Amino acid sequence: MKRIDFELRGDFITLDNLLKATGLAGSGGAAKAMVADGLVQVDGRDELRKTCKIRAGQVVGVHGARVRVVALPATPTDPAAVDQKA
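Structural notes, computed from the coordinates. None of these values were measured; they are calculated from a predicted model. (Residues numbered from 1 in each chain as written. Predicted model: local features only at pLDDT ≥ 70, side-chain atom pairs only at ≥ 80, totals over all residues. Heavy atoms only, no water.)

Remarks on the overall build of the chain
(1) Moving on: A tally of regular secondary structure across the chain gives 2 helices and 7 strands.
(2) Moving on: The order of α-helices and β-strands along the chain, N terminus first, is β-β-α-α-β-β-β-β-β.
(3) Moving on: Sorting the 86 residues of the chain into buried and exposed places 31% on the buried side.
(4) Moving on: In the chain, the share of contacts with a sequence separation of at least 24, taken over all contacts with a separation of at least 6, comes to 49%.
(5) Moving on: For the chain, the exposed surface amounts to about 5800 Å²; the carbon and sulfur share of it is 49%. (Helix = DSSP H or I, 4+ residues; strand = E, 2+ residues; numbered from the N terminus. Buried < 20%, exposed > 50% of the residue type's maximum accessible area, 1.4 Å probe, protein only. Contact = heavy atoms within 4.5 Å. Areas by Shrake-Rupley, 256 points an atom, 1.4 Å probe, with all protein chains shown as cover.)

Quick notes on the packing of aromatic side chains
Describing an aromatic ring pair means giving the distance of the ring centres and the angle of the ring planes.
(1) Moving on: As enumerated under the stated definition, the model contains 0 aromatic pairs in all.
(2) Moving on: The cationic tip of Lys 53 hangs over the ring face of Phe 12; the distance from NZ or CZ to the ring centre is 4.7 Å. (Phe/Tyr/Trp six-rings, centres within 6.5 Å; stacked < 30°, edge-to-face > 60°. Lys NZ or Arg CZ within 6 Å of the ring centre and 35° of its normal.)

A look at the nonpolar core
(1) Moving on: Core analysis: the largest hydrophobic core is formed by 21 residues, its most contacted members being Leu 15, Leu 18, Leu 19, Val 40, Ile 54 and Val 60.
(2) Moving on: Those elements giving two or more residues to this core turn out to be β1 (2–8), α1 (15–21), α2 (28–36), β3 (40–42), β6 (59–62) and β7 (65–71).
(3) Moving on: When neighbours within four sequence positions are excluded, Leu 15 is seen to be in contact with Val 35, Val 40, Val 42, Glu 47, Arg 49, Lys 50, Thr 51, Cys 52, Ile 54 and Val 60. (Core = buried A, V, L, I, M, F, W, Y, C linked by side-chain atoms within 4.5 Å.)

Considerations on the environment of Thr 51
(1) Moving on: With respect to the secondary-structure elements, Thr 51 resides in the loop between β4 (45–46) and β5 (53–54).
(2) Moving on: Contact partners of Thr 51, with chain neighbours within four places excluded, come to Thr 14, Leu 15 and Asp 16.

Some words on the pairing of β6
(1) Moving on: Sheet analysis places β3 next to β6, joined by 3 bridges and oriented antiparallel. Note that in β6 the partner of Gln 41 across the bridge is Gly 61.
(2) Moving on: Sheet analysis places β6 next to β7, joined by 4 bridges and oriented antiparallel. Looking at the pairing, Val 60 lines up with Val 67 of β7.
(3) Moving on: In this antiparallel pair of consecutive strands, β6 and β7, the connection spans 2 residues, and His 63 shows a positive phi of 45 degrees. (Pairing = 2+ DSSP bridges.)

Right under this line is the structure:
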């Protein structure tokens, strides 16, 4: 079984976009068709909502592949946000 870790950049990604971003679907239309045909599971349950929100910690299964959605570690973008105490 193919295992993919997908790093989430934000609060969520829609299911169809996740399938496309991981290469499990060749296009957005193909991703939507896969979901509509009942080929996709989220956390072990069949999912028929094409644009359901997938969040960190969830697992998506399709075609013998498992995608684990993980949150990107927080990185400070503002130097003032970094604790300068020694």
